[in-house]
Structure formats: C-alpha cells, structure tokens
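Letter by letter, the chains look like this.
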Amino acid sequence: MKTSIAAKLDQARQRLQDVGALLSSESATRDLEQFRKLSREHAELEPVVELFNKYRDTEQHVAEAQELLDDPEMRSYAESEIKVGRERLAALESELQTLLLPKDPNDERNIFLEIRAGTGGDESALFAGDLFRMYSRYSERQGWQVEVISESPGDAGGYKEIIARIIGQGAYSKLKFESGGHRVQRVPATETQGRIHTSACTVAVLPEASAIGDVVLNPSDLRVDTFRASGAGGQHVNKTDSAVRITHLPTGIVVECQDARSQHKNKEKALAVLAARIKDKQRREQLAKEAATRKSLIGSGDRSERIRTYNFPQGRVTDHRIGLTLYKINDIMDGDLSQLTQALLAEHQTEQLAAFAEER
C-alpha cells in the first residue's frame, strides 16, 4: 500500500476515535444539528476503519508467516499462508481505495427530472411520455415518490415538456448519469408504410438545492410574472392568474409553473426548480473546468450530448458512453434500469480510481 494512502487511513482511524469521544460526551446532544452531523461522519468512517484494521491484521499475519520460511517443516505451510495473505491484501486495498473515493455531496438528495421533446415532432413527445413512465416505474421500484411540477402535453399524447420532483434517499446517486440526449428508433403508430423513424428527447437530472445555503436567490435578481393557467382546471383556470413565471435576470434562466391552483404554491415550486437549475449551472461550469484537464468517461451531463439509443425493432438499448448494449428494451421501458445504473456507476468509480492512482 502506498504511504500516502496508509497515512490517509491512519488519519481516518484517529478521526473515528475523536468523533466517537465527542458523541459519547455528556454535552453531545446539546446541539442536535452538530450531533446529527457527527453521527453521519461516524457512520461513514466506521466501515473504512474496520476494513483498514482487517488489512493491518492480514499484514501482520503475512509477516508472521514469513518468519516461518526458514523452518523446513513449516516452509510449505508458510508459503501457502503468504500467497493467500497477499491475495487478501490486494483485495482489501482495492476495497479501501473505493471507500476513499471522494463522495458526491449531492448523492443523497432528491432530484428534479426534466424531460423535453426534441427532433421528431409528435413522435418525440410520445417518446418523452415513455421516458417519464420509465423513470416513474423505476422510482416506484425504489420506493420513491414522484411529484409532477409542470407539464406541457403533446398534441398527440406524451409531453412537449415535463418537470417532476423525485423524492427518495439516494435519488441523485442512482439517476445522475441520465442527463443528456436520448434517441428512439421505432415505427410510429401513425406510420402507414412501416418505416422506422428516429426522434429524440433531452433529459436533465438536477439535485434539489437545500433550503439553506446552496443557492441564494436575491429578490432583486428575480422577475416574477403571473398569468392564467392553460389546460385542465375548469372555471378556476379562466378566473385566476395562478400560473407563475420566474426569470433569474443574471443567468436568464426561466421557470414556469401552473400545475397547482394556488399562485403561492406555484411560486414556491418554481423557486425550487430555479434554485436547482442555478445550482446545476454552477456544477456544470465547475465540471467544464475540471474536464479541461481530464475527460470524464461518463460524460459531462450536457443535454446536447447523445448518451443512449432505444431501438425497438431490434429490442435493444445502447448506452454510448460505456458501449453497453442490453437486449431487454421492454423491461427497461418498464423501469428496470438497475443494470444500466450499476454499470454507469461502476465505470465512474473505475475512472475515479484511475485519477486517484495518478494523484498518488
């Protein structure tokens, strides 16, 4: 094990002792927010230190076996123990490096999912509806809640645009690699000659900004317009200016919300989406700077980047970033995304480990 990694693990072991002492002190619960923060840190450090202790124990066992090499009667046994021990050390070191990878601070957050129809007219809007159903079914499988914030139905079904809030632990960690261009190849229901059409949608996955500290929205930077909601809603739609459009003047980001009957509720939802978009813009600008020195295998999450193709005639889904093709399109469209999300996370961790090795 490299000295720098061992030093980092020794620091983690010392920090775990310090945090444990703080949590067991009489004054630990006087500041509940600090107590929760320390508890989370303890929970994160504990498995790392436990694994490091196993590594040190295995090192000791190998060292003891090496001392037996000079004994003819024990030599065969010692060589076997050293071989097994070194294999165990390599496996433990790999696990430790994975645990030491920098955590994405947004991983546990709720998300805003934005799907917009692109090229392809009505077929693109129908595909946007299919994608929304796919992510909704995946969310159901995870036990998450899906709340529609804003929707613009397509003329023939589906959506020109839909924005939803997905509420659930780890939502961002599972879906953060879904941002980008999604392309579909299939025969539309309206196609009389059986020709395959290609259309596209863009998907954006934004971590929800925290209520405190993430994004400061200065009222003087906002222009708030109200207007009458369109679509379903009966008499209420025609009488009340309940729909809200908020423009963030410094960035030009515009958010509309008209799903709720209350103007106050629409404004509250629009502000939440706006904060998430500003936070995402800041995050992508930071990633762009980092990408100047290192190109991510998973991609930048840019909406214009084509990331996946859904080919219905061949029954396949291909993720172009990692070259993965799965012949289970019906299962995937029904929300079975686990194979895709796990493969993307594994590739991301592989790249992180490569960068980790380069830094050391």
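Okay, so let's go over this structure. (Residues numbered from 1 in each chain as written. Predicted model: local features only at pLDDT ≥ 70, side-chain atom pairs only at ≥ 80, totals over all residues. Heavy atoms only, no water.)

### Let's talk about the overall build of the protein
Then comes step 1: Scanning the protein for helices and strands turns up nine helices and 11 strands.
Then comes step 2: A burial count over the protein gives 39% of its 360 residues as buried.
Then comes step 3: Summed over its atoms, the accessible surface of the protein is roughly 19700 Å², and 49% of this surface lies on carbon and sulfur atoms. (Helix = DSSP H or I, 4+ residues; strand = E, 2+ residues; numbered from the N terminus. Buried < 20%, exposed > 50% of the residue type's maximum accessible area, 1.4 Å probe, protein only. Areas by Shrake-Rupley, 256 points an atom, 1.4 Å probe, with all protein chains shown as cover.)

### Comments concerning the pairing of strand β9 (residues 306-311)
The side chains of a regular strand alternate, residue by residue, between the two faces of the sheet.
Then comes step 1: Most of β9 is tucked away: five of the six residues are buried.
Then comes step 2: As defined by bridge partners, β9 adjoins strand β10 (residues 316-319) across four bridges and the pair is classed as antiparallel. When the bridges of β10 are listed, N311 appears paired with R316. (Pairing = 2+ DSSP bridges.)

### With respect to the packing of helix α1 (residues 3-24) against helix α3 (residues 75-100)
Then comes step 1: For the pair α1 and α3, interaxial distance at closest approach is 12 Å and the crossing angle is 65°. It follows from the interaxial angle that α1 and α3 lie roughly perpendicular. Like other packed secondary-structure pairs, α1 and α3 cross with a definite hand, here left-handed. Here I5, K8 and L9 of α1 come into contact with α3, specifically with L96, Q97 and L100.
Then comes step 2: Classifying every residue of the contact of α1 with α3 gives four nonpolar, one polar and one charged. (Axes fitted to C-alpha atoms, helices over the stretch in contact; angles between N-to-C directions. Parallel < 35°, antiparallel > 145°, perpendicular 65-115°, else oblique. Left-handed = near helix turned anticlockwise from the far one by under 90°. Contact = heavy atoms within 4.5 Å. Nonpolar A, V, L, I, M, F, W, Y, C, P; charged D, E, K, R; others polar.)

### With respect to the pairing of strand β3 (residues 159-167)
Then comes step 1: Note: strand β1 (residues 111-117) against β3, six bridges, orientation antiparallel. Looking at the pairing, I115 lines up with I162 of β3.
Then comes step 2: Bridging between strand β2 (residues 145-153) and β3 involves eight bridges; their strand directions are antiparallel. By the bridge assignment, P153 is partnered in β3 with Y159.
Then comes step 3: What sits between the antiparallel neighbours β2 and β3 is a turn of five residues, in which G157 has the positive phi angle 115°.

### Some points on the sheet that holds strand β7 (residues 243-248)
Then comes step 1: Judged by pairing direction, the sheet is antiparallel, and its three strands sit side by side in the order β6-β7-β8 without closing on themselves. Sheet topology places β6 (222-227) and β8 (253-257) at the edges, where each strand pairs with a single neighbour. Ignoring strand direction, the axes of neighbouring strands in this sheet form an average angle of 15°.

### A look at the packing of helix α2 (residues 32-66) against α3
When two helices pack together, their arrangement is given by the angle between their axes and by how far apart the axes lie.
Then comes step 1: In the contact formed by α2 and α3, the axes pass within 9 Å of each other and the chain directions differ by 160°. Considered as vectors, α2 and α3 are oriented roughly antiparallel to each other. Judged by the sense of rotation from one axis to the other, the crossing of α2 with α3 is left-handed.
Then comes step 2: Per-class residue counts for the contact of α2 with α3 are 14 nonpolar, four polar and seven charged.

### Looking at the nonpolar core
Then comes step 1: Judged by nonpolar contacts, the single largest core of 31 residues is most densely connected at I115, L131, Y135 and Y310.
Then comes step 2: The set of elements that each furnish at least two residues to this core consists of β1, α4 (121-142), β3, α5 (171-175), β5 (197-207), β11 (324-326) and α8 (329-333).
Then comes step 3: Here this core gets seven residues from one element, more than from any other, and that element is α4.
Then comes step 4: I115 has contacts with A128, L131, F132, Y135, K160, E161, I162, T202 and V203, leaving out every residue within four places of it along the chain. (Core = buried A, V, L, I, M, F, W, Y, C linked by side-chain atoms within 4.5 Å.)

### Remarks on the environment of D130
Then comes step 1: Topologically, D130 is positioned in helix α4.
Then comes step 2: Residues D130 and D334, 204 residues apart in the sequence, show an inter-C-alpha distance of 9.0 Å.
Then comes step 3: Residues within four places of D130 in sequence aside, it is in contact with R186 and M333.

### A look at the pattern of salt bridges
Then comes step 1: Taken as a whole and assessed by the stated rule, the structure comprises 28 salt bridges.
Then comes step 2: Measuring nitrogen to oxygen at the nearest pair gives 3.3 Å for the salt bridge that ties E33 to R36. Taken as a pair, E33 and R36 lie in helix α2 at a separation of three residues, close to a single helical turn.
Then comes step 3: Here E178 makes a salt bridge to R308, at a shortest N to O gap of 2.7 Å. Here the residue E178 occupies a position in the loop between α5 and β4 (180-186), and R308 occupies one in strand β9, the gap between them amounting to 130 residues.
Then comes step 4: According to the relative accessible area criterion, E178 is buried, its value standing at 2%.
Then comes step 5: The class of R308 is buried, set by a relative accessible area of 0%.
Then comes step 6: Bridged by salt links that share partners, the residues R133, R137, E140, R141 and D334 form one connected network. (Salt bridge = Lys/Arg side-chain N within 4 Å of Asp/Glu carboxyl O.)

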